[in-house]
Amino acid sequence: MTPQSAHGTRAPAPEDAKAQLRASIRKDRLHRSERRNAELAEKLRDLVLDIPAVAQASCVSIYASRPHEPGTLPLISALHVRGVTVLIPRLGDGLQRGWSTYHGADDLIERAPGRPPEPSGEFLPSEALADADVVVVPALAADALGTRLGQGGGWYDRALELARPEAPVIALTFTAEFHGPGESLLPREDHDLPVTMVVTPEGVTPVPA
């Protein structure tokens, strides 16, 4: 049954509420300039690199950001310079989902318009995520209980089932997209896997276990 709000009207079903949020957030993100996105990406890089689990990691999985997403390219480069193995999502033959290892900025290729850039090296199966000591995931929004609003395809929810249970899952989002303690919670469904930490350009928020 669809829950009712405090005013007696029916609250939207979780999938409908998510669709509304996604549309609103995507629209808002378009107003942020390329220069501002670059500045925020550097802030995110510095905050994530200071997280102890990241500082100790030998392998990190991280998404390659598209325009208007929380930027990851400075973070990917910094991890690579440290000698960390960086796994980036990769689309294989027959739309098979997997990973590839990052070997440098020149290696990232946009294979289709609107798709995230991907490394061009060896395609690794989805199970390769188990090698990651830390997993950094994109988010359109996140809340203080670890709920992450993704793009709607469910790819990361399925992928995270193959991550090591002890590997922290870190969601990157912009400050206005984080619903902190005391704020409204995001809609959540049974298949939504929580994150263990949320990083915005303003700081790091661990999610209570």
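Anyway, here's the lowdown on the structure attached to this text. (Residues numbered from 1 in each chain as written. Predicted model: local features only at pLDDT ≥ 70, side-chain atom pairs only at ≥ 80, totals over all residues. Heavy atoms only, no water.)

So, about the sheet that holds strand β1 (residues 59-62). If you trace the 7 strands from one edge of the open sheet to the other, you get β3-β2-β1-β6-β9-β11-β12, paired in mixed fashion. Edge positions in the sheet fall to β3 (97-101) and β12 (203-206), since each has one partner strand and no second. Each strand axis lies, on average, 25 degrees off the axis of its neighbour in the sheet, ignoring direction. As defined by bridge partners, β1 adjoins strand β2 (residues 85-91) across 3 bridges and the pair is classed as parallel. Each bridged residue has a counterpart across the sheet, and for Ser61 the counterpart in β2 is Leu87. Against the sheet, helix α4 (residues 73-82) touches β1 and β2, its axis set at about 135 degrees to β2. (Pairing = 2+ DSSP bridges. Helix = DSSP H or I, 4+ residues; strand = E, 2+ residues; numbered from the N terminus. Axes fitted to C-alpha atoms, helices over the stretch in contact; angles between N-to-C directions. Contact = heavy atoms within 4.5 Å.)

The phi angle of most residues is negative, glycine excepted, and most peptide bonds adopt the trans form. A positive phi is found at His68, a non-glycine position, where the angle reads about 80 degrees. Following the sequence through the fold, His68 ends up in the loop between β1 and α4. On the basis of relative accessible area, His68 is assigned to the partly exposed category, the value being 29%. (Buried < 20%, exposed > 50% of the residue type's maximum accessible area, 1.4 Å probe, protein only.)

What follows concerns the nonpolar core. Counting residues in hydrophobic clusters, the biggest one holds 47 residues, and the most contacted among them are Leu79, Trp99, Val135, Val136, Val137 and Ile170. Counting 5 residues, the second-largest nonpolar core is a separate cluster that includes Ile25, Ala141, Leu149 and Leu186. (Core = buried A, V, L, I, M, F, W, Y, C linked by side-chain atoms within 4.5 Å.)

A few words now on the packing of aromatic side chains. Tallied over the full model, the rule gives 2 aromatic pairs. On the numbers, 5.2 Å between centres and 55 degrees between planes, the contact of Trp99 with Trp155 is tilted. Placement of Trp99 in strand β3 and of Trp155 in helix α5 (residues 155-159) is noted, with a sequence separation of 56 residues between them. Taken together, the ring pairs connect Trp99, Trp155 and Tyr156 into an aromatic cluster. Positioned above the aromatic ring of Phe174 is the side chain of Arg32, whose terminal nitrogen or guanidinium carbon lies 3.7 Å from the ring centre. (Phe/Tyr/Trp six-rings, centres within 6.5 Å; stacked < 30°, edge-to-face > 60°. Lys NZ or Arg CZ within 6 Å of the ring centre and 35° of its normal.)

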